[in-house]
Amino acid sequence: MPPEEGLSGVELSEKAVSGSGVNGKVGDVTTSVDMTSNGPVMVDNDSGITREKWGKNIEFLLSCVALSVGFGNVWRFPYTALKNGGGAFVIPYLIVLFVVGRPLYYLEMVMGQFSSRGCVKVFDVSPLMRGVGVGQTITLFTIVGYYAAVLAIAVRYLVDSFRSPLPWTECQSDWYGCVSSSFQGQVQVENGTGVVSAKLYFDKVVVKLAPNLNDGIETPDWKLALCLLVCWICITAMLIKGIRSSGKASYFLAIFPYVILVILLGRACTLDGAADGILYFVTPEWGKLLEPNVWFEAVSQCFFSLTIGLGAVIVFSSFNSFSSNIYRDAMIISWLDTFTSIISGIIVFGVVGNLAHVTGREVKDFQDLGGPSLTFITYPDAIAKMDFIPNFFAVMFFLMFVVLGLGSNMGVVQAIMTSIRDRYPQVQTWKAVLAIAIAGFSCGLVYLTPAGLHVLGVVEYYGVTFASLTLVILETVTFCWIYGVNRICQDIKFMLNIETGLFWRVCWGLLTPAIIIAVFMLQIFKDADKVPVGYTVFGWCLYGFTVVLQMIGWGAYATSKQPEKQLLDKVRSASRPTEDWGPESTALKRDYDAAMQRYGESFNKSGNIVRRTFRRMFK
């Protein structure tokens, strides 16, 4: 419903910020445009609200690409697919992406842009659920700790790429059963032999990998610690001025990696045995589609790949102008993300097929080759087999990987920083970035110890994968059931002047929540990887702090702040949007409130929640 006759929310927003770089007037509200930051920054003189905006829409689009198209595609997707049967994983992944990933990505963009709030402040939509946003921020910090550590390993390989010959191409004298990665023929494999030099170089030289967690984590490798310090210095430099600097960096961070991916794709497809690996990647084992864990991994990968359910997408879209076409942007980014994952999968499985050919094994025999080690073994192994300037391709690949990692880490830190500054606006940007960098560096050192990658597995499962699945369920319940699908559609109509189709309504209200809740329930009964009891307890404590404590604590706080006398009335009041919920602009907020009053605010505050949900969806 338009807020004024003949004037949509889009047209109103254009009025509110019209006058590039000059003062304007909307009704009786004076607005100006501050060009001193990553302009324009709308300054509403009536309310004093200011928020940075992307200089150009392309900067937002490329920043989202740099955030979403990164480690989740080039690192996590290939090893997750390999671990879960190749083609048996790809089909569930594509299904989940279509009915869960894309709808949630678009939904988070809508909520962020409409409210101009970060991943914590956006829960003004229902203060009772503010713990979801806080939990997402904690999860983001958990992620950036080990993402930066993986990035540090990539920096180490980048430095090694300038050595000639490449240090992982040939076996060392004490590596029993080693097969040189530069070898392109076929060897006879016996028990305990047939391990390529790229794997042994990673295990024995780079990370000095411990066999398990039983002997403790020991101390970090000093070379990797130095690389980690360099990574955090780069991240801090790119974010020190907020989105003004990160938006400009996104041009390089988003585009450059595709040049290298295309080159590696061409090389991987021409390796001996590559066809067998690629065929394994695209051929499903239909029986595995009945295994709950495959679907759980598909949902988890979808969240990682698109970076949904963690608040980062909400943060990035909150810096958009009110009328930006986020529907178009969401479709571009989600399809590009899928394309990148598939390309990365073809490259990795082509190389794994070559490894199988060289060692005389089956592709499925490499399913235990997972985690970060897959990226630092398969890609270097492919480069080692290049006859033409392998050092050049090694430098280009690891530079690409570093660029991807910087893009992912920069986006995550930006989201954490926004959560802090939304709550404490007096904190200067550089101080927030520096504090995050120091804390992130300290946590990242744990993953650079000999047992660090084993610790990463525990933290990723309990503190990230399981926690983010829980939080995305709660986020969906908040936005789609408590706030309401039809209310979201009305907001989209006001903001973009477009009608929301039945597909999105069904996904938001029924299909998407049903799938992620079902996967969550099935996962509860699945045992995690076997690790010492102490680390399992640590994992559950991390989950409890990230999810349970935040939900209970912030929910109780929001309830206690309500003026009603009865507890049930307090809970109901805390579940409703705050008085200032709506567009950032005072002029738009006034028209939005009037539009919602005509729409019928009372409809959203009465009746059974389940019945009301269905009525909201299909009214």
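Values in this document were obtained by computation on a predicted structure and should not be read as measured data.

Colleague: Explanation requested: the confidence of the model for the protein chain in the structure shown.
Modeller: When pLDDT is low, close inspection of the predicted coordinates is not appropriate. Mean pLDDT over the protein chain stands at 79; residues scoring 70 or higher make up 82%. Contacts of residues 1-49 to residues separated by more than four positions or lying in other chains number 116 contacts, the stretch itself having pLDDT below 50.

Colleague: Which parts of the structure should I look at to understand the state of the cysteines?
Modeller: If you walk through the whole model with that rule in mind, you get 1 disulfide. One disulfide in the model links C171 with C178; its S-S distance is 1.9 Å. In this structure, the disulfide formed by C171 and C178 twists by about -80 degrees around the S-S bond and is classed as left-handed. When its relative accessible area of 19% is taken as the criterion, C178 is described as buried. Free cysteine: C234, not disulfide-bonded; nearest cysteine sulfur from C231 at 6.7 Å.

Colleague: How do you make sense of the environment of V132 when you look at a structure like this?
Modeller: Mapped onto the elements of the fold, V132 is located in helix α5 (residues 130-160). With relative accessibility at 0%, the residue V132 sits in the buried group. With 336 residues separating them in the primary sequence, V132 and S468 have C-alpha atoms 9.7 Å apart.

Colleague: What is the right way to read the packing of α5 against helix α18 (residues 533-560) from this model?
Modeller: What describes two packed helices is the angle between their axes and the distance between those same axes. In the contact formed by α5 and α18, the axes pass within 8 Å of each other and the chain directions differ by 150 degrees. In terms of orientation, α5 lies roughly antiparallel with respect to α18. As α5 packs across α18, the resulting crossing turns out to be right-handed. Contacts from R130, G131, V132, V134, G135, I138 and T139 in α5 reach F545, T546, Q550, M551 and W554 in α18. Looking at the contact of α5 with α18, its residues break down into 6 nonpolar, 5 polar and 1 charged.

Colleague: Can you help me understand a nonpolar patch on the surface in this one?
Modeller: On the surface, W222, L226, L229 and I233 cluster together to form a nonpolar patch covering roughly 450 Å² of accessible area. Judged by relative accessible area, which is 61%, W222 ranks as exposed.

Colleague: I'm lost on the packing of aromatic side chains in this one. Help?
Modeller: How two aromatic rings sit relative to each other is given by the distance of their centres and the angle of their planes. Going through the model one piece at a time under the given rule, you end up with 42 aromatic pairs. With 5.3 Å between their ring centres and 75 degrees between their planes, Y106 and Y327 make a pair best called edge-to-face. One end of the pair, Y106, is in helix α4 (residues 87-115); the other, Y327, is in helix α12 (residues 326-359), with 221 residues separating them in the sequence. Residues Y461 and F466 carry aromatic rings whose centres are separated by 6.0 Å and whose planes lie at 5 degrees to one another, so their mutual orientation is stacked. Of the two residues, Y461 and F466, neither departs from the other in class, the shared state being buried. Taken together through their ring pairs, the aromatic side chains of Y157, W168, Y201, F202, F376, F397, F398 and F401 make up a single cluster. Sitting over the ring of Y424, R423 keeps its end group 5.0 Å from the ring centre.

Colleague: Which parts of the structure should I look at to understand the side chain of S126?
Modeller: Along the polypeptide, S126 turns up in the loop between α4 and α5. In this view, S126 contacts T478, I482, A574, S575 and R576; residues no more than four positions away in its chain are not counted.

Colleague: Looking at this structure, I do not really get the nonpolar core. What am I missing?
Modeller: Grouped together as the largest cluster of nonpolar side chains are 190 residues, with contacts concentrated most on F479 and W508. At 26 residues, the largest contribution of residues to this core is made by helix α16 (residues 452-496).

Colleague: For this particular structure, what's the right way to read the packing of α4 against α16?
Modeller: Running from N to C, α4 and α16 point in directions that differ by 65 degrees, and their axes come no closer than 10 Å. Crossing angle aside, the handedness with which α4 passes α16 is left-handed. The segment α4 lies against α16, with L104, Y106, L107, E108, V110, M111, Q113 and F114 engaging V472, E475, T476, F479, C480, Y483, I488, D491, I492, F494, M495 and L496.

Colleague: Would you take a moment to explain empty space enclosed by the protein for this structure?
Modeller: If a probe the size of a water molecule is rolled over the atoms, the empty space left behind becomes visible. In total, this model carries 4 cavities of 30 Å³ or more according to the counting rule given. Of the volumes computed, that of the largest cavity is approximately 110 Å³. As for the largest cavity, its lining consists of 15 residues, of which L67, Y147, F304, T307 and V412 are closest to the centre. The set of elements that each furnish at least two residues to the lining of the largest cavity consists of α2 (57-68), α3 (71-83), α5, α10 (292-306) and α14 (390-423). Residues that form the lining of the largest cavity fall into these classes: 9 nonpolar, 6 polar and no charged.

Calculation criteria
By convention here, each chain's residues receive numbers from 1 onward along its written sequence. Thresholds applied to this predicted model are a pLDDT of at least 70 for local features of residues and 80 or more for the giving and counting of side-chain atom pairs; totals over whole chains, interfaces and linings are not thresholded and use all residues. Hydrogens and water molecules were not included; the side-chain quantities draw on all heavy atoms of the structure. Across the chain, each position has a pLDDT score giving the predictor's confidence in that residue, from 0 to 100. By definition, residues are in contact when any of their heavy atoms lie within 4.5 Å. Two cysteine sulfur atoms form a disulfide, by the criterion used here, when they sit within 2.5 Å. Exposed residues in this analysis have more than 50% of their type's maximum accessible area, buried residues have under 20%, and partly exposed residues fall in between, with area computed by a 1.4 Å probe over protein chains only. Numbering goes from the N terminus for both helices and strands, where a helix is a DSSP run of H or I of at least four residues and a strand is a run of E of at least two. Axis lines are fitted to C-alpha atoms, over the contacting stretch for helices. Their N-to-C directions set the angle, which ranges from 0 to 180 degrees. In these notes the angle categories are as follows: under 35 degrees is roughly parallel, over 145 is roughly antiparallel, 65 to 115 is roughly perpendicular, and the rest is oblique. The sense of a crossing depends on the near helix, which, turned anticlockwise from the far helix by less than a right angle, makes the crossing left-handed and, turned clockwise, makes it right-handed. Residues are grouped as follows: Ala, Val, Leu, Ile, Met, Phe, Trp, Tyr, Cys and Pro are nonpolar; Asp, Glu, Lys and Arg are charged; all remaining types, including Gly, are polar. Only residues whose relative accessible area exceeds 30% and that form no salt bridge are eligible for patches; like-charged ones are grouped when within 9 Å, while nonpolar side chains (Val, Leu, Ile, Met, Phe, Trp, Tyr) are grouped when within 5 Å. In short, Shrake-Rupley with a 1.4 Å probe defines the accessible areas, and a residue's cover is counted only from the protein chains shown. For salt bridges, the criterion is a side-chain nitrogen of Lys or Arg within 4 Å of an Asp or Glu carboxyl oxygen. When two rings of Phe, Tyr or Trp (its six-membered ring) have centres within 6.5 Å they constitute a pair, described as stacked for plane angles under 30 degrees, edge-to-face for angles over 60, and tilted for the intermediate range. Each ring is checked for a lysine NZ or an arginine CZ that lies within 6 Å of its centre and within 35 degrees of its normal; such an atom marks a charge sitting over the ring. We call a set of buried residues a nonpolar core when its members are Ala, Val, Leu, Ile, Met, Phe, Trp, Tyr or Cys and they connect through side-chain atoms within 4.5 Å of each other. With a 1 Å grid spanning the protein atoms alone, the term cavity applies to any set of points in which a 1.4 Å probe fits but cannot get out, the term pocket to an open set with protein on both sides within 12 Å along at least five of seven lines, and the term lining residue to any residue with an atom within 4 Å of a point. Grid points are joined across faces, edges and corners, and a volume is the space filled by probe spheres set on the points.

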